[in-house]
Amino acid sequence: MKQILSLDYAAQLRACVERARDISDGAKASVEFAQLCDRLGAENPQVAELLDILWKEFLAANRSATFWQQICDVEKELSERMAQTNLQLKQEYLRLMQEQ
């Protein structure tokens, strides 16, 4: 029975983690996690407390990763635009040189 319960907790935690990875589902994931933590806390308060600490660290790391991914996307777009502008400038320069 204990093994089945722990597998159920693990599956619920995995579901919470997957939901939390999607920023738009973050609030729902936190509610589900709180319910999981409450159930787990009834059996073992120390494990629930440790899990809560890890959950908060996971959320912080997830927000940080999302932020840096967005920064990287903006940087990539900017680099592509700069490369395109540079190419256009070179083409204009060559056209001007041919006209002279």
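Position numbers for residues count from 1 along each chain, tracking the sequence in the order it is written. Note on the predicted model: pLDDT of at least 70 is required for a residue's local features to be given, and 80 or more for side-chain atom pairs to be given and counted; whole-chain, interface and lining totals, by contrast, use all residues. Excluded from the side-chain calculation are hydrogens and water; included are all heavy atoms of the structure.

**Q** Kindly report on the environment of D38, identifying the contributing residues and their values.
**A** Looking at where D38 falls in the secondary structure, it is placed in helix α2 (residues 26-43). Any residue under 20% of the maximum accessible area for its type is buried, any over 50% is exposed, and the rest in between are partly exposed; the area is computed with a 1.4 Å probe on protein chains only. Judged by relative accessible area, D38 falls into the exposed class, the value being 58%. Distance from D38 to A48, taken between C-alpha atoms, is 7.5 Å for residues 10 residues apart in sequence. The numbering of helices and of strands both runs from the N terminus, where a helix is a DSSP run of H or I of at least 4 residues and a strand a run of E of at least 2.

**Q** Any chance you could break down α2 for me, citing the residues and the numbers?
**A** A helix is expected to span 1.5 Å for every residue after the first. Taking 1.5 Å of rise per residue, the 18 residues of α2 would be expected to cover 26 Å, and the 26 Å separating its terminal C-alpha atoms lies within 8% of that figure. Among the residues of α2, those classed as buried are G26, A29, F33, L36, C37 and L40. Around the axis of α2, the buried residues are gathered within 105° of arc, so they sit on the same side. Among the exposed residues of α2, those oriented more than 90 degrees off its buried face are A27, D38 and A42. The arc in question is formed by the directions pointing from the helix axis toward the C-beta atoms.

**Q** Summarise the pattern of salt bridges; cite the residues concerned and give the values.
**A** The salt bridge criterion pairs a side-chain nitrogen of Lys or Arg with a carboxyl oxygen of Asp or Glu, the two atoms within 4 Å. This structure, assessed with the given rule, holds 6 salt bridges. Between E18 and R21 there is a salt bridge, with the nearest N and O atoms lying 3.6 Å from each other. Taken together, the positions of E18 and R21, both in helix α1 (residues 2-21) and 3 residues apart, correspond to about one turn of that helix. Using a relative accessible area of 48% as the deciding quantity, one classes R21 as partly exposed. Note that E77 and R81 form a salt bridge whose closest N and O atoms lie 3.8 Å from each other. Placement of both E77 and R81 in helix α3 (residues 45-99) is noted, with a separation of 4 residues, approximately one turn of the helix.

These results come straight from atomic positions and should not be treated as a statement about function.
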